[in-house]
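# Secondary and tertiary structure notes
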Amino acid sequence: ELHELRRSLTNADKVKNRQAKKISSMKNEIAHTEVEVSRDLTYSESALNAVNEELRAVRRALDEVARREKQLVDFRSVVARMLGLEVSQLAIPDYEIVARLERLIQSHHRHVAIASGTTS
């Protein structure tokens, strides 16, 4: 019976040692995984910050483009009105404005040439 108890104790000791090795290995694996997760989290946070900054820059640029576009539309309307045109009624506003300006400039050049006594 004492022999059985010793064998049982030896077996229990072996099981305990195997379990201790497994636990140690699992602890090391957990520590390694925690390091990887921490590194991945830091990388992800950095990438997110970079994307957010880029998004803010794009939004600022978009706001600037919208502001400039409005200025150009306003300018187009003013020039059209000065030429006696209504932008909302023009099929191709830029083309029609430029065509009207060309005719006006040509007319002016003819007038200046006639007034100065030279013709071209």
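Below is a short write-up of the structure. (Residues numbered from 1 in each chain as written. Predicted model: local features only at pLDDT ≥ 70, side-chain atom pairs only at ≥ 80, totals over all residues. Heavy atoms only, no water.)

### What to know about helix α2 (residues 93–116)
Relative to the 34 Å expected for 24 residues at 1.5 Å per residue, α2 spans 34 Å between its end C-alpha atoms, a close match to the ideal helical length. Those residues of α2 lying buried are Pro-93, Ile-97, Ala-99 and Ala-113. For α2, the elements touching its buried residues are α1 (2–82). Count one or two residues on from α2 and you reach Gly-117, which has phi positive near 85°. (Helix = DSSP H or I, 4+ residues; strand = E, 2+ residues; numbered from the N terminus. Expected span 1.5 Å × (residues − 1). Buried < 20%, exposed > 50% of the residue type's maximum accessible area, 1.4 Å probe, protein only. Contact = heavy atoms within 4.5 Å.)

### Describing the pattern of salt bridges
If you walk through the whole model with that rule in mind, you get 7 salt bridges. A salt bridge links Arg-67 to Glu-64; the nearest nitrogen and oxygen atoms lie 2.5 Å apart. Linking Arg-67 with Glu-64, this pair stays in helix α1, spanning 3 residues, or about one helical turn. For Lys-70, the salt bridge is made with Asp-74, and the minimal N-O distance between the two is 2.9 Å. Of this pair, Lys-70 and Asp-74 are both found in helix α1, 4 residues apart, which corresponds to roughly one turn of the helix. Overlapping salt bridges bring together Glu-53, Arg-56 and Arg-60 as one network. (Salt bridge = Lys/Arg side-chain N within 4 Å of Asp/Glu carboxyl O.)

### Concerning the nonpolar core
Core analysis: the largest hydrophobic core is formed by 7 residues, namely Val-79, Ala-80, Leu-83, Leu-85, Val-87, Leu-90 and Ile-97. In this view, Leu-85 contacts Ala-80, Leu-90, Glu-96, Ile-97 and Arg-100; residues no more than four positions away in its chain are not counted. (Core = buried A, V, L, I, M, F, W, Y, C linked by side-chain atoms within 4.5 Å.)

### What to know about a nonpolar patch on the surface
A cluster of nonpolar side chains, contributed by Leu-101, Leu-104 and Ile-105, occupies part of the molecular surface with about 250 Å² of accessible area. Within the secondary structure, Leu-104 is located in helix α2. (Patch = residues over 30% accessible without salt bridge, like charges linked within 9 Å, V, L, I, M, F, W, Y side chains within 5 Å. Areas by Shrake-Rupley, 256 points an atom, 1.4 Å probe, with all protein chains shown as cover.)

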